[in-house]
Amino acid sequence: MSESDNPDDGMEDSAAPLIEHLAELRTRLIRAVLAFIVGIVIIFTVAEPILQFLLGPIESALRELGDPSPTMQYTSPQEYLFTLFRISMVFGFALAFPVIGFQLWRFVAPGLYSKEKGAFLPFLIASPVMFLLGASFAHFVVTPLAMAFFLGFADVPSIIADLMANVIGSDVPGAADLPVADDGIRITFFGKVNESLDITLKFIMAFGMCFQLPVLLTLMGKAGLVSAEGLRNMRKYAVVGILLLAAVVTPPDIITQVILFVVVYGLYEISIQLVKRVERRREAKLRAEGLWFEDDEDDDLAEEEADK
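Residues numbered from 1 in each chain as written. Predicted model: local features only at pLDDT ≥ 70, side-chain atom pairs only at ≥ 80, totals over all residues. Heavy atoms only, no water.

- Naming follows an unreviewed UniProt entry, where the protein chain appears as Sec-independent protein translocase protein TatC of Octadecabacter arcticus 238.
- According to its UniProt record, the protein chain has this under Sequence similarities (unreviewed entry): "Belongs to the TatC family." (UniProt positions renumbered as here; feature names shortened; annotations may be inferred.)

## Things to note about the pattern of salt bridges
Phase 1: Considering all chains together, one arrives at seven salt bridges under this definition.
Phase 2: Notably, a salt bridge pairs Arg232 with Glu229, separated by 2.9 Å at the nearest N-O pair. Pair noted here: Arg232 and Glu229 are both in helix α9 (residues 228-233), with a separation of three residues, about one helical turn.
Phase 3: The partly exposed category is assigned to Arg232, whose relative accessible area is 27%.
Phase 4: Here Arg235 makes a salt bridge to Glu269, at a shortest N to O gap of 2.7 Å. Of this pair, Arg235 sits in helix α10 (residues 235-249) while Glu269 sits in helix α11 (residues 254-289), and the two are 34 residues apart along the sequence.
Phase 5: Through salt bridges with shared partners, one network takes in Arg86, Asp198 and Lys202. (Salt bridge = Lys/Arg side-chain N within 4 Å of Asp/Glu carboxyl O. Helix = DSSP H or I, 4+ residues; strand = E, 2+ residues; numbered from the N terminus. Buried < 20%, exposed > 50% of the residue type's maximum accessible area, 1.4 Å probe, protein only.)

## Focus: a nonpolar patch on the surface
Phase 1: A surface patch of nonpolar side chains, about 740 Å² in accessible area, is lined by Phe53, Phe140, Val141, Leu145, Ile254, Ile255, Val258 and Val262.
Phase 2: Mapped onto the nonpolar patch, the elements with two or more residues apiece are α5 (114-151) and α11.
Phase 3: In terms of residue count, the dominant contributor to the nonpolar patch is α11 (four residues).
Phase 4: Tracing the chain through its elements places Ile254 in helix α11. (Patch = residues over 30% accessible without salt bridge, like charges linked within 9 Å, V, L, I, M, F, W, Y side chains within 5 Å. Areas by Shrake-Rupley, 256 points an atom, 1.4 Å probe, with all protein chains shown as cover.)

## Looking at helix α2 (residues 47-54)
Phase 1: Taken together, the buried positions of α2 are Ala47, Ile50, Leu51 and Leu54. What you see down the axis of α2 is that its buried residues fit within an arc of 105°, all on one side. Turned more than 90 degrees off the buried face of α2, the exposed positions are Pro49 and Gln52. (Arc of directions from axis to C-beta.)

## A closer look at the packing of helix α4 (residues 79-108) against helix α7 (residues 193-210)
Phase 1: Running from N to C, α4 and α7 point in directions that differ by 20°, and their axes come no closer than 10 Å. In terms of orientation, α4 and α7 fall into the roughly parallel class. The chirality of how α4 crosses α7 is left-handed. Of the residues in α7, those in contact with Glu79, Thr83, Arg86 and Ile87 of α4 are Val193, Asn194, Leu197, Asp198 and Leu201.
Phase 2: Its residues assigned to classes, the contact of α4 with α7 shows four nonpolar, two polar and three charged. (Axes fitted to C-alpha atoms, helices over the stretch in contact; angles between N-to-C directions. Parallel < 35°, antiparallel > 145°, perpendicular 65-115°, else oblique. Left-handed = near helix turned anticlockwise from the far one by under 90°. Contact = heavy atoms within 4.5 Å. Nonpolar A, V, L, I, M, F, W, Y, C, P; charged D, E, K, R; others polar.)

Structure representation (structure tokens):
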């Protein structure tokens, strides 16, 4: 910062040597890691109810297919513990994110002007909110549809009948009347806890990240990296990209893919409107400062030169 700069711009004094900046970074990282560890410990105490909640769509799909008592399994002694620990890490990070975000903000804030702080802080708050919306949409809308699609290929009522008649025994009341396969191999669904959790978390992460699109594009628009007009001109490429994304992160059923496409493309259109709003505010500010017409004339000259 030169001596000619206005000190009223809100730039905080940060003339500390490099070693002090590294010490500050170490302090912030230690606090963030401690918050992460505390979050893991707290979530681990309630990891099993969270697991039940995450497996809820699978349970509902199995019950709708005729399974009165949905059961899942794990095939190694440590699998269930590692599954709970995985849940603790994911949701522990989410629980500790306010502290981690605050430590990040405290580290970068001294190097920002007051106007830059006012521009960056709302996006730091909006990002986890949008991720939560995307994760909720994935869990309550997308995952149940996906589970119904995948498990719909299994004949669950006949699976239960075979288990009762062949495994439990014919002395069970009503078991003798159940149909039993005389030949062939019965292909059944014995869900593993970690694999079922994996697909649920993939949906949550995918939709959570997709819901970051308005935050990212609006921030880029505020920084002048994108414009509403440019985003409108890129619509056809955005459509292709969203279709490819839907084909990769969703199961191979057209309903889920259409839902993801509609949601992400809707977020893209919302992003265009948000960037347009940012541009209007910038225009109003330049007009108030008497600089808009100068920039407008420069743009007109540039367009004329480009036409030539």
